[in-house]
Amino acid sequence: MNTLVERYDVAVIGAGHAGCEAALACARLGMETIIFTVSVDSIALMPCNPNIGGSSKGHLVREIDALGGEMGRNIDKTFIQSKMLNRSKGPAVHSLRAQADKHAYSERMRGILENQERLTVKQAEVTELIVEDGVIKGVKTFSQATYLCSAVILCTGTYLKARCIYGDISNETGPNGLQAANYLTDSLRKNGIEILRFKTGTPARIDRRSIDFTKMEEQFGDERVVPFSFSTDPEDVQIDQSSCWLTYTSEKTHEIIRNNLDRSPLYSGMIEGTGPRYCPSIEDKVVKFADKNRHQVFLEPEGLYTNEMYVGGMSSSLPEDVQHEMYHSVPGLENAKIVRNAYAIEYDCINPRQLRPSLEFKTIRGLFSGGQFNGSSGYEEAAAQGLIAGINAALKIKGKQPLVLDRSESYIGVLIDDLVTKENKEPYRMMTSRAEYRLLLRQDNADLRLRKKGYEAGLIGEEDYQRLLIKERQIEEETKRVENTSIGASREVQKLLEDHNSTVLKSGTTLGELIRRPELSYDDLKEIDPARPDLPYDVTEQVNINIKYSGYIKRQLKQVEQFKKMESKKIPEDIDYNQIRSLRIEAVQKLNLYRPENIGQASRISGVSPADISVLLVYLQGYRTQT
């Protein structure tokens with residue numbers, strides 16, 4: 001039988017948030033790239049929540065943008081409400097979150113892909129990997145067409161052997177009733193790849209016209225919107241925003257759920273996959289937090305084109321009749337009409353310990369992986385991995401060293417390091433608490449941390465890079481000026497301090513010292529700083545943070561120095577841990593399993609103790625002397 005044979009540099013499997021970033025990165029770095037999707041209508045689909053960003057996830061989107069990814073620009077063009085979360089707390093945990101017009105988000109991203117040079121979009125199901133002597137050679141589709149290539153990036157999301165479940169209803173489909181990918185798993189297993197079974201879920205969608213908003217609290221966006229992308233002009237995102245709404249479950253809601261737990265596939269054993277701990281279903285919330293008599297429920301518009309409203313906080317897999325009764329027990333939803341039932345979805349994914357920090361498989365050269373297929377959850381986590389996998393696939397083909405971000409320089413580094421070094425028994429979700437150096441890894445300085453790396457990789461243009469250099473210089477010069485500007489105890493200064501409930505001066509000080517007072521900021525001192533230059537907000541924001549938190553920042557930078565020392569101690573690829581005396585048996589097993597690339601990575605593996613690291617360091621010293 002004659003079949004189609006084509007040749008590309010890179011093949012990307014899946015066109016969700018990971019696949020889109022991976023394919024765009026490869027094509028923009030000069031690779032002839034093909035991206036496969038089971039349906040072109042599912043490109044950049046948002047099958048669950050209609051938003052981008054949020055706590056810690058906003059950091060990831062900013063970092064994706066700083067490196068040259070597309071997600072930040074795309075949400076800036078398609079959002080309908082935007083809000084900076086955690087404003088009452090320190091800058092380390094400020095996170096941007098935007099409601100998306102789901103249709104517009106997907107449609108715009110599809111247009112970006114379709115018009116990208118060197119990128120081909122193909123609707124087809126990939127069913128087989130072509131691997132020879134531990135090297136990827138290409139893929140085959142369901143029609144037996146062959147696509148030869150030098151690198152493959154797996155971004156299958158939640159589509160592999162997907163099964164959607166509510167009550168005793170089980171459909172062998174992907175999200176939103178789209179076709180599942182049922183054959184690739186067998187090929188992965190044949191090539192020695194370990195497969196896990198995870199699950200996630202989504203709440204019902206309700207017709208806006210059937211909601212009584214008078215029983216809910218209206219939630220507005222920020223008066224002044226901050227864009228996600230460092231390339232977006234802030235004036236372009238000041239739009240009329242849509243409202244979201246807050247209500248709560250009731251005691252009746254919880255009673256309905258408790259009375260029907262035996263019909264929940266989560267508790268009946270019908271669902272095999274492990275679900276995300278930090279995004280539980282409403283059944284889980286009611287069972288695990290039995291002391292709470294209500295839970296928050298957010299009604300969020302799915303877009304400007306539709307009346308569908310997303311019922312945030314009430315993900316479920318209960319039977320249809322129970323869902324009907326349960327949602328109707330929520331204030332404001334008494335007469336709600338359900339457009340789409342809530343459901344859980346099970347899917348195949350991999351154990352990510354099989355990956356290098358570059359997201360290349362350890363045992364198959366040229367095969368990369370990104371997104372929910374790596375055992376993570378969330379659009380933002382997926383996009384971040386897809387971008388890194390795409391960059392590294394292109395760099396590998398070019399014969400260059402991979403881009404590996406470490407924990408001290410990015411949330412993306414924390415995300416990937418956690419995936420490849422820690423035991424992940426459930427879908428991984430990014431959180432600010434996972435980042436040890438979060439005061440340094442703020443969402444406001446992602447460009448200062450990563451723009452140069454994006455430029456060196458080839459995804460950031462000369463104009464954006466020069467703009468970064470100007471910004472860096474302005475921050476440095478203004479910080480120095482403020483720290484060295486002396487202020488006397490004049491009447492004008494004393495009045496300003498009194499107006500801000502700040503202690504008056506007994507002698508002279510500097511503007512920097514005043515900014516370090518908790519009740520004062522750089523902006524507050526404008527009246528007593530006549531020499532102040534006219535600078536953009538993103539510059540003055542950095543000046544304020546750098547001065548106000550200078551002591552904490554210096555302390556964290558010292559911690560990073562120690563971290564870097566551990567990361568710089570490389571471990572030979574061919575090391576035989578079985579030959580190292582005094583290593584505990586568990587440590588030998590774990591080190592053989594994960595094959596860490598450096599001492600820092602080894603120290604973060606569960607089951608490897610500080611004593612084991614000391615033994616390893618001594619051994620490596622002798623090993624290097626011998627070689």
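Remember, it's a predicted structure, so these values are computed and weren't measured experimentally.

Chemist: Talk me through the packing of helix 2 (residues 57–67) against helix 11 (residues 411–421); I want residue IDs and the actual numbers.
Modeler: Running from amino to carboxyl end, helix 2 crosses helix 11 at an angle of 110°, the nearest separation of the two axes being 9 Å. By the criterion of interaxial angle, the relationship of helix 2 to helix 11 is roughly perpendicular. Of the residues in helix 11, those touching helix 2 at H59, L60, E63, I64 and L67 are Y411, I412 and L415. Class assignment of the residues belonging to the contact of helix 2 with helix 11 gives a composition of six nonpolar, one polar and one charged.

Chemist: Quick one: what's the story with unusual backbone geometry, residue by residue and with numbers?
Modeler: Excluding glycine, residues mostly have negative phi values, and the peptide bonds linking residues are mostly trans. Backbone geometry places L359, a non-glycine residue, at a positive phi of 75°. At N501, a position not held by glycine, the phi torsion is positive, near 55°. Topologically, N501 is positioned in the loop between helix 14 (491–499) and strand 24 (509–510). For N501, a relative accessible area of 71% translates into the label exposed.

Chemist: Now, about the sheet that holds strand 16 (residues 217–219): what can you tell me, with residues and values included?
Modeler: Strand order across the open sheet formed by six strands is 16-17-18-19-15-20, with antiparallel pairing between neighbours. The sheet is open, and its two borders are formed by strand 16 and strand 20 (338–340), each paired with just one other strand. In this sheet, neighbouring strand axes are inclined to one another by 35° on average, regardless of whether the strands run parallel or antiparallel. Across three bridges, strand 15 (residues 205–207) lies against strand 19 (residues 308–312) in antiparallel orientation. When the sheet's bridge partners are listed, D207 is paired in strand 19 with E308.

Chemist: How would you sum up empty space enclosed by the protein? Please name residues and give values.
Modeler: On inspection of all chains with the given rule, the structure shows one cavity of 30 Å³ or more. Of the pockets and cavities examined, the largest cavity occupies roughly 40 Å³. As for the largest cavity, its lining consists of I75, D76, F79, S82, L96, A98, V225, V226, P227, F228 and V237. Only helix 3 (71–78), strand 5 (79–85) and strand 6 (95–100) provide two or more residues apiece to the lining of the largest cavity. Considering only residue class, the lining of the largest cavity consists of nine nonpolar, one polar and one charged.

Chemist: Which residues make up the environment of D240, and what values go with them?
Modeler: Inspection of the secondary structure puts D240 in the loop between strand 16 and strand 17 (244–248). The class of D240 is exposed, set by a relative accessible area of 79%. Along the primary structure D240 and R73 are separated by 167 residues, whereas in three dimensions their C-alpha atoms are 19 Å apart.

Chemist: Go over helix 18 (residues 585–594) with me, naming the residues and quoting the values.
Modeler: For helix 18, every residue scored as buried is listed here: A587, V588, K590, L591 and Y594. Directly beyond the C-terminal end of helix 18, a positive phi value near 50° is found at R595.

Chemist: Outline the sheet that holds strand 13 (residues 169–171), supporting the account with residue identities and numerical values.
Modeler: With antiparallel pairing, four strands are arranged side by side in an open sheet as 13-12-21-14. Sheet topology places strand 13 and strand 14 (195–202) at the edges, where each strand pairs with a single neighbour. Across the sheet, the mean angle separating the axes of adjacent strands is 25° when strand polarity is ignored. Bridging between strand 14 and strand 21 (residues 343–350) involves eight bridges; their strand directions are antiparallel. Within the sheet, the bridge partner assigned to G201 lies in strand 21 and is A344.

Chemist: How would you explain the pattern of salt bridges if you had to name every residue and give the values?
Modeler: A full pass over the atoms with the stated rule returns 50 salt bridges. Between D417 and R604 there is a salt bridge, with its nearest N and O atoms 2.5 Å apart. A residue pair is termed long-range when its members are at least 10 positions apart, and D417 in helix 11 and R604 in the loop between helix 19 (599–603) and helix 20 (610–626) qualify at 187 residues. On the basis of relative accessible area, R604 is assigned to the buried category, the value being 15%.

Chemist: A description of the side chain of T249 should follow, citing residues and the corresponding values.
Modeler: In this structure, T249 sits in the loop between strand 17 and helix 6 (251–259). Among the polar contacts made by the side chain of T249, one reaches the side chain of H254 at a distance of 2.9 Å. At 2.7 Å, the side chain of T249 and the backbone nitrogen of H295 are in polar contact. T249 has contacts with H254, I282, N293, R294, H295, V297, M314 and V330, leaving out every residue within four places of it along the chain.

Chemist: Which residues make up helix 6, and what are the values?
Modeler: Among the residues of helix 6, those classed as buried are T253, H254, I256 and I257. An end-on view of helix 6 places all buried positions within 160° of arc, on one side of the element. Summarising the geometry of helix 6, the exposed residues directed more than 90 degrees from the buried face are K252 and N259. Here the buried face of helix 6 lies against helix 8 (282–288) and helix 9 (320–328).

Chemist: Tell me about the nonpolar core, and name the residues and values.
Modeler: Among the nonpolar cores identified, the biggest contains 111 residues, and V152, I153 and L154 are the most heavily contacted of them. Among the elements that take part in this core, helix 10 (residues 379–397) stands out by supplying 11 residues, more than any other. Not counting chain neighbours up to four residues away, the residues in contact with V152 comprise A11, I13, L129, I136, G138, V139, G366, L367 and F368. If you look at the next biggest cluster of nonpolar residues, it comprises 24 residues, including I282, L299, Y327 and A342.

Chemist: Talk me through the UniProt feature "binding site: FAD" (unreviewed entry) in the chain; I want residue IDs and the actual numbers.
Modeler: Mapped onto the present numbering, the UniProt feature "binding site: FAD" (unreviewed entry) falls at G14, A15, G16, H17, A18 and G19. Looking at the secondary structure, you find G14 in the loop between strand 2 (10–13) and helix 1 (17–28). Residues in contact with G14, not counting those within four places in the same chain, are G19, I35, F36 and C155. Considering the arrangement of structural elements, one finds A18 in helix 1.

What counts, and at which threshold
- Residues numbered from 1 in each chain as written.
- Predicted model: local features only at pLDDT ≥ 70, side-chain atom pairs only at ≥ 80, totals over all residues.
- Heavy atoms only, no water.
- Axes fitted to C-alpha atoms, helices over the stretch in contact; angles between N-to-C directions.
- Helix = DSSP H or I, 4+ residues; strand = E, 2+ residues; numbered from the N terminus.
- Parallel < 35°, antiparallel > 145°, perpendicular 65-115°, else oblique.
- Contact = heavy atoms within 4.5 Å.
- Nonpolar A, V, L, I, M, F, W, Y, C, P; charged D, E, K, R; others polar.
- Buried < 20%, exposed > 50% of the residue type's maximum accessible area, 1.4 Å probe, protein only.
- Pairing = 2+ DSSP bridges.
- 1 Å grid on protein atoms, 1.4 Å probe; cavity = no way out; pocket = protein on both sides within 12 Å on 5 of 7 lines; lining within 4 Å.
- Points joined across faces, edges and corners; volume = space filled by probe spheres on them.
- Salt bridge = Lys/Arg side-chain N within 4 Å of Asp/Glu carboxyl O.
- Polar contact = N/O pair within 3.5 Å; in protein donor to acceptor, adjacent residues only side chain to side chain.
- Arc of directions from axis to C-beta.
- Core = buried A, V, L, I, M, F, W, Y, C linked by side-chain atoms within 4.5 Å.
- UniProt positions renumbered as here; feature names shortened; annotations may be inferred.

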